Amino acid sequence: MAVLDFAHLTWEEVRDLDRTKAVAILPVGAVEAHGPHLPLGTDVIIAETMARAAGARLAARGYDALVLPPLAYTAADFAAGFPGTVSVRPTTVTALLVDLARSLARHRVSVLAVANAHLDPAHLAAIEAAVVQNGPEAGARIVFPDITRKPWAVRLTAEFQSGACHAGQYESSIVMAARPELVREAIRRSLPANPRSLSVAIRSGQTSFEAAGGPRAYFGSPADAGVDEGARTIDVLGAILAEAVLAELAP
Ligand SMILES: [Zn+2]
């Protein structure tokens, strides 16, 4: 079986797929500020690499992985104060995901796996709401492993688990591995570490990167990022999503 770009297929190719053995994967990111060294679409890039890594694992297990065009617009309130951040209402995201699951189900695709790389709490809640609203029978089952939670988070890097996980070592490494030409390397290497934890800030009621102590929209240590770490993390993200899908498909 194969990893297929869904939007590059023709309708007859989709018709001829064994859709009982197909899993749709939706990369989900955001268009938002990611420090002075990473592009606005960083989370979309990360989500696409996660989707493909998961797809390769699912293909090896006998499923066609249908990688959908990514969802790049979502709730991004924490970064809203920075030029370039585009944010939509969480309810819009929830409705879109539920509609996608229903439309795919009409074509007998029974699983919609969400490869999510954007960690804004309002966005995570919007995906969770879609899982609940979708219900067990209405649409394709939405599989959403939230990497900020157990059992997944502990498999990611120490910086990620510290909560200083926006445009720092963790995300910079992935972009260096996936799209190195988009990293502003001279700036990245010059940035001092910002160890403030976004998860701590969120728990104490902060609602913006500025209030959380990130005046340049990064947390963590971009200067410590590297291609090898990025490749390892992509592999782990793919494994997490593939395992979540296979658990859902298990009889
Ligand atoms: Zn990000």
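Coordinates for the structure precede this section.
Here the structure is a predicted model, which means the values were calculated and not measured. (Residues numbered from 1 in each chain as written. Predicted model: local features only at pLDDT ≥ 70, side-chain atom pairs only at ≥ 80, totals over all residues. Heavy atoms only, no water.)

Student: Where do I start with the nonpolar core in this structure?
Tutor: In this structure, Val23, Ile25, Leu58, Ile147, Phe160 and Leu237 are the most contacted members of the largest nonpolar core, which totals 42 residues. Sorting the residues of this core by element identifies strand 2 (22-28), helix 2 (42-60), strand 3 (64-67), strand 4 (111-116), helix 6 (169-178) and helix 9 (227-249) as the ones contributing at least two each. Counting residues per element, this core draws most heavily on helix 9, at eight residues. For Ile147, the residues in contact, after removing those within four places along its chain, are Met50, Asn116, Leu119, Trp152, Ala153, Leu156, Phe160, Tyr170, Leu237 and Ile240. Counting 23 residues, the second largest nonpolar core, distinct from the first, contains Ala22, Leu66, Leu68 and Ala130. (Core = buried A, V, L, I, M, F, W, Y, C linked by side-chain atoms within 4.5 Å. Buried < 20%, exposed > 50% of the residue type's maximum accessible area, 1.4 Å probe, protein only. Helix = DSSP H or I, 4+ residues; strand = E, 2+ residues; numbered from the N terminus. Contact = heavy atoms within 4.5 Å.)

Student: In this structure, what is going on with the coordination of the zinc ion? I would like to understand it.
Tutor: By definition of the ideal shapes, four donors in a tetrahedron about a metal sit 109.5 degrees apart, and six donors in an octahedron sit 90 or 180 degrees apart. Every protein donor of the zinc ion is listed here as His34 (NE2), Asp43 (OD), Glu171 (OE) and Glu171 (OE), and their distances to the metal cover 1.9 to 2.6 Å. Note that the zinc ion binds four donor atoms; their angles at the metal cover 54 to 137°, and the shape is irregular. Spacing between the donor residues of the zinc ion along their common chain follows H-x8-D-x127-E. Residue His34 is located in the loop between strand 2 and helix 2, and its partner Glu171 is located in helix 6; the two are separated by 137 residues in the primary sequence. Judged on exposure class, the residue His34 and its partner Glu171 are both buried. (Donors = N, O, S within 2.8 Å, 3.2 Å for Na, K, Ca; no water. Tetrahedral: all angles 85-135°; square planar, octahedral: opposite > 155°, others 65-115°.)

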